[in-house]
Every structure is written in C-alpha cells, then in structure tokens.
Amino acid sequence: MTQSNLYLPYLMEIEKITVEAPGVRTFRLKFRNEQEAAAFDFRAGQFGEYSVFGEGESTFCIASSPTRKGYIECTFRQAGRVTTGLSKLEEGDTVGFRGPFGNVFPLDEWKGKNLLFIAGGIALPPMRCVIWNALDTRENFGDVTILYGAKSVGDLVYKHELDEWAARPDVRLVTTVDPGGETADWKGRVGFVPSVLEQIAPSSDNTIAIVCGPPVMIKFTFPVLEKLGFADDRIYTTLENRMKCGVGKCGRCNVGKLYVCKDGPVFTKAQLNGCRLNIRNSL
C-alpha cells in the first residue's frame with residue numbers, strides 16, 4: 001500500500017543500526033503509527049524515498065523481504081548530504097519514508113524455476129530482499145545459486161547472512177573479491193564477478209538470472225550470461241538512476257523512453273536492449 005498523499009512521508013523509528021562495511025549501514029525501521037504499520041505492504045523489488053528532516057531525501061530499495069513482517073530495512077553507503085545525515089542518526093531517532101514505489105520481481109512467474117543471483121558490492125541489498133523472499137518460500141523454487149563479489153573482504157556486506165546462506169544445504173553460495181582484495185584467511189574466490197560466473201558456468205536450463213551491480217559489472221556480466229545460454233527475457237536487473245520524486249514527475253531517472261521509477265526499477269535485459277545505460281545501478 002502506498003500513502004494516499006504521495007508526498008507525505010511515514011514517520012519511522014530507527015529500531016536497529018547494523019554497520020555492514022566501512023561507510024555502509026543498515027537501518028531497521030518500524031512505523032511510529034501502528035495503524036499505518038498494519039495497513040502497509042510491499043513486494044520484492046520496490047523502493048522508497050528515505051528522508052532526514054532538514055537535509056532531504058535519498059532513494060534506496062527496501063532491503064528486507066515482504067515475508068518478514070513488522071519492519072522494513074534499508075542499506076546505504078555514506079556518500080552525499082542526505083546519506084551523511086542518515087549516518088549521524090542513532091537508534092530511536094525518526095526518519096521519513098515514502099513508498100513503496102516501482103514494479104516488482106515476478107516471483108509468482110518464477111515458481112518451479114532455478115534462480116541465479118549475481119550481485120556486486122553494495123548492490124546486494126536489492127538482491128537480499130528477493131533472496132530472502134525466495135528462501136522463505138523455498139518450496140516454490142528449484143536450485144538457488146548466489147554469486148556475490150566485492151572489491152575487498154572488508155567491502156562485503158551482510159557478512160553474517162553470507163555465513164547463514166553458506167551453511168544452508170539448499171543454497172549454493174559463491175563469494176569472490178577483486179584481485180588484491182583478499183586477506184590471509186579468505187576462503188572464497190579471487191576474481192571479478194563476470195570471470196567467476198564463467199568459471200562456475202551455471203546451467204541456463206529452466207533458470208532465471210537476476211543481476212545487480214555497478215555498471216561495469218553489468219556490462220561484462222550480460223555477455224557471459226548470453227554465452228551460457230540465458231535468453232534476454234530470462235535475465236533481470238534492478239536499476240537506480242538518480243530517482244528523486246519516485247512517481248515520474250521530475251524526469252530525472254529516464255533511460256531512453258523508460259522512467260526507472262515508474263516503469264522499473266525491475267527490468268529484463270530484453271526491455272533494456274537499445275537503451276543507453278548511463279546509470280548508477282544500485283550502488
């Protein structure tokens with residue numbers, strides 16, 4: 001459910017703050033108003049506008065799964081004015097939230113299929129939402145493979161959840177860091193995500209690929225998926241492109257004729273063919 005007034009934010013209390021990596025935090029947020037909390041729902045893939053009063057708004061995906069009730073979570077990197085303001089807040093403080101906005105990952109259409117998640121760096125948060133949604137309804141899907149990479153071991157986010165996924169017998173987790181980013185005790189792979197994807201060579205048979213990461217990762221991952229036999233309509237991604245209003249009014253987030261906030265943020269590669277992706281993809 002979206003607010004009746006699109007421009008009036010919900011008031012959210014910061015229930016918990018988790019430091020994920022240098023400059024990266026996760027906020028667990030709960031509604032100040034219990035009636036609003038009871039009426040609120042969303043689906044995997046949607047995003048919101050998070051505000052620090054007096055500073056402005058920033059756009060992030062909802063990083064928690066709709067199967068987890070009573071709260072929502074967002075993960076952000078301190079980079080500009082608003083995210084610096086967010087970084088100064090403490091548990092118990094209030095932020096604003098507008099949303100949910102955007103389209104969704106079509107999990108109902110994916111039932112019975114294998115899922116391949118490919119993420120890089122701070123792009124894991126939008127994947128985390130749909131990963132947990134799939135794992136919380138595990139009986140609906142076939143094999144689940146997660147390939148996640150970052151520049152260094154220290155830049156990996158959700159480290160405690162990576163351990164949890166690695167321990168599950170019904171998940172194949174492959175982690176990697178860029179050459180030079182490994183530590184003496186690192187047990188994962190060393191290499192760039194597209195190269196590691198080609199090495200592990202997951203089957204495209206009855207499989208959906210979901211990709212999210214920096215533009216350069218996306219650029220080199222798509223051809224590998226094509227080489228492995230994935231059709232363009234079986235490759236999904238989620239974009240951020242300087243979204244501001246969230247409802248297609250400001251015109252800042254267009255990719256060709258598409259508006260990321262209204263037509264996305266979830267797209268298939270087939271939908272994006274021909275668009276020039278000069279974007280900040282879920283960074």
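A brief structural summary.

Cut-offs applied
Residues numbered from 1 in each chain as written. Predicted model: local features only at pLDDT ≥ 70, side-chain atom pairs only at ≥ 80, totals over all residues. Heavy atoms only, no water. Helix = DSSP H or I, 4+ residues; strand = E, 2+ residues; numbered from the N terminus. Buried < 20%, exposed > 50% of the residue type's maximum accessible area, 1.4 Å probe, protein only. Contact = heavy atoms within 4.5 Å. Areas by Shrake-Rupley, 256 points an atom, 1.4 Å probe, with all protein chains shown as cover. Pairing = 2+ DSSP bridges. Axes fitted to C-alpha atoms, helices over the stretch in contact; angles between N-to-C directions. Right-handed = clockwise from strand over helix to strand, strands pointing away. Arc of directions from axis to C-beta.

1. Some details on the overall build of the protein chain
Within the protein chain one finds eight helices and 15 strands. For the protein chain, with 283 residues in total, the buried portion stands at 52%. Here the analysis covers contacts within the protein chain between residues at least 6 apart in sequence; of these, 70% occur between residues at least 24 apart. Summing over all exposed atoms, the protein chain offers an accessible surface of approximately 12600 Å²; the carbon and sulfur share of this is 48%.

2. Quick notes on unusual backbone geometry
Cis geometry is found at the peptide bond from G99 to P100, where omega equals 0°. By secondary structure assignment, the location of P100 is in strand β6 (residues 94-101). The backbone of A201 sits at a positive phi, close to 45°, despite the residue not being glycine. Assignment of secondary structure puts A201 in the loop between α5 (193-200) and β11 (207-212). Classification of A201 as partly exposed rests on a relative accessible area of 39%.

3. Comments concerning the environment of P194
Within the secondary structure layout, P194 lies in helix α5. Separated by 45 residues in sequence, P194 and G149 place their C-alpha atoms 9.7 Å apart. With residues near it in sequence (within four places) discarded, P194 still touches M217, F220, T221 and V224.

4. Things to note about the sheet that holds strand β8 (residues 144-150)
Across the sheet, seven strands lie side by side as β10-β9-β8-β7-β11-β12-β15; this open sheet has mixed pairing. Edge positions in the sheet fall to β10 (189-190) and β15 (266-268), since each has one partner strand and no second. With respect to the sheet, helix α6 (residues 215-227) is in contact with β7 (114-120), β11 and β12 (235-238), its orientation differing from that of β11 by roughly 165°.

5. Observations concerning the pairing of β7
When you tally the buried positions in β7, you get seven out of seven residues, the bulk of the element. Of the two faces of β7, the one lined by N114, L116, I118 and G120 and the one lined by L115, F117 and A119 are each fully buried. In the sheet, β7 pairs with β11 via six bridges, with the strands oriented parallel. In the strand pairing of β11, L116 is matched with A209. Of the strand pairs in this sheet, β7 and β8 are connected by six bridges, and their pairing is parallel. Paired with G120 across the two strands is G149, which belongs to β8. In this view, the connection linking β7 to its parallel neighbour β8 by way of helix α3 (residues 124-136) has right-handed handedness.

6. Describing helix α4 (residues 159-167)
Three or four residues apart is the spacing at which side chains of an α-helix point the same way, because the helix has 3.6 residues per turn. Looking only at α4, the buried set comprises E161, L162 and W165. The arc that holds every buried residue of α4, seen down its axis, measures 105°, which confines them to one face. Of the exposed residues in α4, the ones pointing more than 90 degrees away from its buried face are D163, A166 and A167. Residues of α4 that are buried sit in contact with α3, β8 and β9 (172-177).

7. Description of α5
Inspection of α5 places V193, P194, V196, L197 and I200 among the buried residues, and these make up the whole buried set. For α5, the angular spread of the buried residues around the axis is 165°, confining them to a single face. Check the buried side of α5 and you find it contacts β7, β8, β9, β10 and α6.

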